[in-house]
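Below are the chains, spelled out letter by letter.
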Amino acid sequence: PTSAQVSVVPHSGRFCYTLDNDLLTTEQRQFYEDNGYLLIKNLVSDEDIERFRKEFSRICKREVKPPGLMVMKDESLKSQFGQSEKVVNKVQDFQEDEELFRYCTLPEVLKYVECFTGPNIMAMHTMLINKLPDSDKQTFLHPMHQDLHYFPFRPASRIVCAWTAMERAHQDNGCLVVQPGTHKTTLKPHAYPQWEGKANKLFHGLLDEDEKIPKVHLVMEKGDTVFFHPLLIHGSGINRTSGFRKSISCHFASSECHYIDVKDTTQEHLEKELQEMVCKKYDATSVELKDIWNFRARLVQGKRINL
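Counting starts from 1 at the beginning of each chain's written sequence and moves along it residue by residue. Local features are withheld for residues below a pLDDT of 70 in this predicted model, meaning they are given only at 70 or higher, and side-chain atom pairs are given and counted only at 80 or more; totals for whole chains, interfaces and linings count all residues. Hydrogens and waters are ignored; side-chain quantities use all the structure's heavy atoms.

Per an unreviewed UniProt entry, the protein goes by Phytanoyl-CoA dioxygenase, peroxisomal and derives from Anthoscopus minutus. In UniProt, the protein has this text filed under Pathway (unreviewed entry): "Lipid metabolism; fatty acid metabolism." UniProt positions are given in the numbering used here, feature names are shortened, and annotations may be inferred rather than shown by experiment.

Draft legend 1. Main features of the overall build of the protein. Secondary structure is summarised from DSSP: a helix means a run of H or I of at least four residues, a strand means a run of E of at least two, and numbering begins at the N terminus for each. For the protein, the count of helices and strands is seven helices and 16 strands. Across the protein, every contact between residues at least 6 apart in sequence was considered, and the portion connecting residues at least 24 apart equals 80%. The protein chains shown are the only cover counted for residues, whose accessible areas, like all others here, come from Shrake-Rupley with a 1.4 Å probe. As presented, the protein carries roughly 13800 Å² of accessible surface, and 51% of it is formed by carbon and sulfur atoms. In what follows, a contact means two residues having at least one pair of non-hydrogen atoms within 4.5 Å.

Draft legend 2. Structural detail: helix α5 (residues 107-117). Type-normalised accessible area, obtained with a 1.4 Å probe on protein chains alone, sets the label of each residue: buried when under 20%, exposed when over 50%, and partly exposed for intermediate values. Taking burial as the measure, the eleven residues of α5 include eight buried ones, the bulk of the element. Within α5, the full set of buried residues consists of V109, L110, Y112, V113, E114, C115, F116 and T117. Once α5 finishes, G118 follows within two positions and takes phi at roughly 90 degrees, a positive value.

Draft legend 3. Here's a closer look at unusual backbone geometry. The omega torsion across R154 and P155 is 5 degrees, close enough to zero to call that bond cis. Examined against the element boundaries, P155 turns out to sit in the loop between β6 (153-154) and β7 (159-165). Even without a glycine there, the phi angle at R62 is positive, about 60 degrees. As for its position among the elements, R62 is in the loop between α2 (46-60) and β2 (70-73).

Draft legend 4. Layout of the sheet that holds strand β5 (residues 142-145). Strands are treated as partners if at least two bridges between them are detected by DSSP. In space, the four strands of this open sheet follow the order β5-β13-β8-β11, with antiparallel pairing throughout. Across the chains shown, the open sheet's two edge strands, defined by having one partner strand only, are β5 and β11 (216-217).

Draft legend 5. Spotlight on the pattern of salt bridges. What counts as a salt bridge is simple: a side-chain nitrogen of Lys or Arg found within 4 Å of a carboxyl oxygen of Asp or Glu. Counting across every chain of the model gives 15 salt bridges. Note that R296 is salt-bridged to D93, the shortest N-O span being 3.0 Å. Remark: D93 occurs in the loop between β3 (88-92) and α4 (98-105) and R296 occurs in helix α7 (residues 289-296); sequence separation between them is 203 residues. A relative accessible area of 5% means that D93 is categorised as buried. Of the charged contacts, one joins R298 and E98 as a salt bridge, the two residues approaching to 3.2 Å between their closest N and O atoms. Here R298 is found in strand β16 (residues 298-301), whereas its partner E98 is found in helix α4, with 200 residues between them in sequence. The class of R298 is partly exposed, set by a relative accessible area of 23%.

Draft legend 6. Representation of the nonpolar core. What we call a nonpolar core is a set of buried Ala, Val, Leu, Ile, Met, Phe, Trp, Tyr and Cys residues that are connected through their side-chain atoms within 4.5 Å. Of all hydrophobic cores here, the largest spans 39 residues; its most connected members are Y103, C104, V109, F227 and F252. The element best represented in this core is α5, accounting for six residues. With residues up to four places along the chain from it excluded, the contact list for Y103 reads V44, F52, V109, A162, W163, T164, T225, I248, S249 and C250. Formed by 21 residues, the second largest nonpolar core is a distinct cluster that contains M124, Y150, F151 and V262.

In structure tokens, the structure reads:
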């Protein structure tokens, strides 16, 4: 149970993207309605963030090897730094790592998540991002994109991302950049950006970005958490500092969401790429997209219904 008592009535007339609850103010609900994101200051404690940081370090040193975890590295730095967090850009699918998965179960996070998903909550996609210093090559620039591009489940309005800064995030170290209001648009076609050099695996971006839509840089302090809609267009800049910009995030969804068939949609090429990666990693001949997501998904609250 969380402190946000959520009504079974989806929303009162004017609100499409939040459920009736006793936690969010009318102003906060309206802000999310208009902009597609909501920033909550100082939500996650320094103590929890330090625990996540230590576990990330253990993973980088291969002291722990949670099943299913995907560790993404800059291979060009391995000869210089070996097995250390200086080469790891991201770990994702940490649902089987009990220490990192604690993030997805924090009551202070879940009480907000429930305002978007309702009481039956699945953790669908988990990431700890360690944005490396990268002033020249732009290897770790994440192009503007919509997260729903990656997700074969709907409805979009019952999905929300919680993204917590593990240290101060600002323009110099590549904070999140959002285009407010774009959550009201449809899912747009994505592909690898036409950049010099090699794009990061699965870092797809919008094929046709509208430069006229204003961008907002989300400057966040350690522990600040932003909740955002999966259709909100967002990305992150490059890290021009000598330090590492860490954040931890989870995409949550109502377990009442349902899987969709992405065949003949803009998501079909992503399905094939993901299937190839999983088959290669686990030496399998074939795998269904739904099975990949069933493996990633983990119940955090309430009942597991569809997902």
